[in-house]
Amino acid sequence: LPMTIRDAYKMRTGSRVAIIGGGPAGCFFAAYLLHYARESGTNPEITIYEPRDFSETGPKACKGCAGILSFPLLKNLVEIGLPIPEEIIQRRIERYTVQSPHTSITISNPEKDAEIVSVYRGGGPRMSRCQGLIGFDLWLLEEIRKRGAIIERNTVSGIHVSRPMEIVVDGKRREYDLVVLAAGVNSKPVPIEGLRYIPPQTQTMAQDELEVENAEVNSCPSDVVEAFLIPNSGLVFGSLVPKGPLINVSVLSKNEPPMSVGDFLQHEVVRSMLPDRCTRVCGCSPKIAVGSARNYYCDGFVAVGDAVVSRLYKDGIGSSLLTAREAALTAIRHGFSHRDFKRYYRPLCQKIDRDNRWGRWLFWINDKVKDSRIFLWAQHRLIGDEQINVRGPQFFTKAVWGMFTGSYSYRSIARMTLNPISLWRLLAALLRETTRSIFHKSSSPRSLHIGDRKVLILGSGFAGIYVLRNLVPALNKNENVNITMISDENFFLFSPLLHEVAMGRIETRHIAYPVRRLHWRDRFNFHHECVQKIDLRERKVITATGAFDFDYLVLALGSIADKSELNFQDAASVFTLRSLKDSILIRNHIIGLFERASMEKDAEKQRQLLTFVVSGGGYKGIQLVAELRDFIHGTLLKLYRSVKPECVRLILVEVEGKIVPELHANLGSYILKHLKGIGIEIKKESRVTGVWKDSIELNGNEIVPTHTLLWMAGVVANPRIAELDAKKDSIGRVFVNKQLDVPGFPGVYAAGDCAHFEDQSGQPIPARAHTAVRQASVVAHNILAEIRGRDKKPYCYKRAPEMVSLGGSHAICRVRNLWLHGLAARLAWLAAYSLLITGTYNRIRILTDWLISAVFGRDTTFLRLNK
């Protein structure tokens, strides 16, 4: 063009600019034009023609989009002094959950500082109870007005390409130096004379808003967008976007006619994500641009936003900003002639259009693979690995996040997923999932949940502590799993050694390890409280200080002594061994009896004082009576010389026909022979039928004068477990399946003495410490599997090595085909139990106690507890 003509298309002070459309594209163009004009020292006159009132409710005041603002858009607005105020933001989106019949994958934002928010475009849904909402478009238009733009509520009925440009408003023509078409594809088309402008191709989608009942607002995730991949449905995408007390529904399908919101909401996968009570309060069928316009610029005219090209399916507002910014920059720095727009503006529009071609290809692939369960499982595994290992590259996480949010270009998404490393990982995952599908033949859906998961562990015994030990170190901090343990004791008690504490071989506190001293104590919470009630249906645990809700619950409260068989008149002579207090009471009682016996002259009364009856011939009963015999003959008789050894009587009572029924018959025979050899009376097929202050009754016909009954005859589940509304056995333990979770209550596990687990023969396995430890490992694995969307594994019961301490330097031990007894077995027993003790500090103290007691004798201190 001749220089004089080109000068006519230069922006200068007083240049008149008309923007047709006051939506985001028009406001962005005005904002950037004013921004760049100030930098260049010019001051154009800007008029925005927008007939709509964005404060009104319903589709007439909005475009009908989901209203999600991406991080690049928010960043660009801040750069030109337009940070979004808090009252505009409805929700901050932290995660996307991809739902399908086969998988559920929760993806955290891979860009930790990149914020995504949801907003309303207009004044809110037309039939909603929500009043006074401020939409994004209204706020943006008002900000542009404050910066000097003129807002006219008139409709432009035509554009005439001439020199200067003309627009028709109310039947009258108005002249402008530059006319900007910013009316999107959902606005009424504006005829353009003198230019063969062809608008972009469009596709119709369905939109609605769901209003949630007030009682259920808090139950809805406030920062999670639910996206859906439904096989064989023709659905391109469907989503549920939280917006305060409402949920936006967006549906785009390739079917004719397109899928409606009603059909989408009726799908089983979608319905499972909705609250029970919600109402549709709006509804529209907006168009979205899926192509690019042609002939969208000429001398003194340019189209921006949806009127020229938009990001395919996602981040339309963000692409409107990009086109508006580039057009404004071109007009200020170069000019607004046809040549200027072709040279400086068209390349950006072409770049967006080329990127959309990558997008069409990616969505085509997505449409094909979403019908494949194997592919979805492989994708699930890959994303799960990346979410857990946040230090590595997150190609697949970013790809899925970008496909749903528009945070990355489609071309960059293709690069992330098609590089050699990603393709190799995808191939490996497909092979693994294909193999798993063939051999496991499991069709159950998987779920991967990242963030805000609550794990509640009840009890600090073997099961509870070992779930904690296996779970906490394995969790990645990115998973945001909140773990809480509740226990009425603030320590872990190594209960297999209680009999040695009771008999003075080990100091009392050395088998107690404080929970708060665990190495990873900063990664879980501990509450020293008693559980008052467990409500599995409401998923709450009640304590004296309040209620704790949970996503995953571990029942590990242990058991209590079963005294239901006892018919006793006086409980003062009955002792159990379940706690440190019990061990102190037993030791005090024994030492007190020897004090009394040492002053008793009557041999019969002395014999009555020194008769000790142990009821229960299991592991605990045998170890206790053997340790009691060593305590008396190895220590007490040396200190109380007036007591006659022949007055001491030890009796072991067992209901069954043999002691320790779980043991091999040869081992049981050896134990029986050894106990008889050291002077312990064995009464098999006998039971305690009565208890009085100075005697007990056996089998209803034999009276044994004694002041001591050590009750080791059985246990029942903790009362809080016995109260549960779940299937239980005769002693109150809840039935569990092979994965150790409680049937009918997802996410609830039981282990140790709380769980009724049957072996291959259909018999419940015995409650032992090693059983609780192994079950705890499986429970921790399965909780992690649920969180990470992996396969849970079953618990396989295996008989552990059989070890029984017989006091002093004797024990029996069987490890597969290796049989030991005597001193060798005792050393093996000491080594095995010392390795199980929690904490190096406690392990050293216990080893020292064993050594000191062997050299200097046992502790015989009487610890008075009532002072």
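None of these values were measured; they are calculated from a predicted model. (Residues numbered from 1 in each chain as written. Predicted model: local features only at pLDDT ≥ 70, side-chain atom pairs only at ≥ 80, totals over all residues. Heavy atoms only, no water.)

(A) Quick peek at the overall build of the chain. Broken down by element type, the chain carries 22 helices and 48 strands. Over its C-alpha trace the chain gives a radius of gyration of 39 Å, far above what one expects of a compact globule, namely 29 Å for 867 residues. Across its three principal axes, the chain shows a C-alpha extent of roughly 135 × 55 × 45 Å. In the chain, which comprises 867 residues, the proportion classed as buried is 55%. Expressed as a percentage of contacts within the chain between residues at least 6 apart in sequence, the contacts between residues at least 24 apart total 72%. Put simply, the chain shows about 38000 Å² of open surface, and 51% of that area lies on carbon and sulfur atoms. Charge separation in the chain, taken as the distance between the mean sites of 114 positive and 88 negative side-chain charges, equals 5 Å. (Helix = DSSP H or I, 4+ residues; strand = E, 2+ residues; numbered from the N terminus. Rg over C-alpha atoms; globule rule 2.2 N^0.38 Å. Buried < 20%, exposed > 50% of the residue type's maximum accessible area, 1.4 Å probe, protein only. Contact = heavy atoms within 4.5 Å. Areas by Shrake-Rupley, 256 points an atom, 1.4 Å probe, with all protein chains shown as cover. Lys, Arg positive; Asp, Glu negative; His and termini not counted. Charge placed at Lys NZ, Arg CZ, Asp CG, Glu CD.)

(B) Quick peek at the nonpolar core. Counting residues in hydrophobic clusters, the biggest one holds 128 residues, and the most contacted among them are Ile534, Leu555 and Phe594. When residues in this core are grouped by element, the largest group, 10 residues, is from helix 17 (residues 619-639). The residues touching Leu555, leaving out its near neighbours within four places in the chain, are Leu458, Ile534, Ile721, Leu724, Val734, Val742, Val748, Tyr749, Ala750, Ala751 and Cys754. The next biggest cluster of nonpolar side chains, apart from the first, holds 79 residues, and it includes Ile89, Ala182, Phe301 and Phe336. (Core = buried A, V, L, I, M, F, W, Y, C linked by side-chain atoms within 4.5 Å.)

(C) Spotlight on a positive patch on the surface. Residues Lys351, Arg354, Arg411 and Arg415 make up a contiguous surface patch of positive charge. Listing elements by their share of the positive patch, those giving two or more residues are helix 8 (338-369) and helix 11 (410-418). (Patch = residues over 30% accessible without salt bridge, like charges linked within 9 Å, V, L, I, M, F, W, Y side chains within 5 Å. Salt bridge = Lys/Arg side-chain N within 4 Å of Asp/Glu carboxyl O.)

(D) Up close: the pairing of strand 2 (residues 45-49). Within strand 2, four of the five residues are buried, which leaves it mostly tucked inside the rest of the structure. As paired strands, strand 1 (residues 16-20) and strand 2 are joined by five bridges and run parallel to one another. Paired with Arg16 across the bridge in strand 2 is Glu45. As a crossover connection, the stretch from strand 1 through helix 2 (residues 24-40) into strand 2 is right-handed. (Pairing = 2+ DSSP bridges. Right-handed = clockwise from strand over helix to strand, strands pointing away.)

(E) Examining the sheet that holds strand 31 (residues 546-549) more closely. In space, the three strands of this open sheet follow the order 29-30-31, with antiparallel pairing throughout. Every other strand in the sheet has two partners, leaving strand 29 (531-535) and strand 31 as the edge strands with one partner each. Sheet twist, expressed as the mean angle between neighbouring strand axes with direction ignored, is 20 degrees. Where strand 30 (residues 540-543) and strand 31 come together, four bridges link them in antiparallel fashion. For Ile542, the partnering residue across the bridge sits in strand 31 and is Ala547. (Axes fitted to C-alpha atoms, helices over the stretch in contact; angles between N-to-C directions.)

(F) Representation of helix 3 (residues 71-79) in the model. Regarding helix 3, the residues found buried are Leu73, Leu74, Asn76 and Leu77. Buried residues of helix 3, seen end-on, are gathered within an arc of 165 degrees and therefore sit on one face of the element. Counted as exposed and oriented over 90 degrees from the buried face of helix 3: Val78 and Glu79. On the buried face of helix 3, the contacting elements are helix 2, strand 3 (68-69), strand 7 (116-118), helix 4 (136-146) and helix 7 (316-333). (Arc of directions from axis to C-beta.)

(G) Main features of empty space enclosed by the protein. Scanning the model with the defined rule gives seven cavities of 30 Å³ or more in all. The volume enclosed by the largest cavity comes to roughly 720 Å³. In this structure, the largest cavity is lined by 48 residues; those nearest its centre are Lys63, Cys65, Arg121, Gly316 and Ile317. For the lining of the largest cavity, the secondary-structure elements that each account for two or more residues are helix 2, strand 16 (224-228), strand 17 (235-243), strand 20 (287-289), helix 7 and helix 10 (395-405). Partitioning the lining of the largest cavity into residue classes produces 22 nonpolar, 17 polar and nine charged. In this structure, the second largest cavity encloses a volume near 160 Å³. The element that contributes the greatest number of residues to the lining of the second largest cavity is strand 15 (residues 206-212), accounting for three residues. Looking at the lining of the second largest cavity, its residues break down into seven nonpolar, seven polar and four charged. (1 Å grid on protein atoms, 1.4 Å probe; cavity = no way out; pocket = protein on both sides within 12 Å on 5 of 7 lines; lining within 4 Å. Points joined across faces, edges and corners; volume = space filled by probe spheres on them. Nonpolar A, V, L, I, M, F, W, Y, C, P; charged D, E, K, R; others polar.)

(H) Focus on a nonpolar patch on the surface. There is a patch of nonpolar side chains on the surface, built from Trp358, Trp361, Trp364, Leu418 and Leu423 and spanning about 500 Å² of accessible area. At three residues, the largest contribution of residues to the nonpolar patch is made by helix 8. Among the structural elements, Leu423 can be located in helix 12 (residues 420-440).

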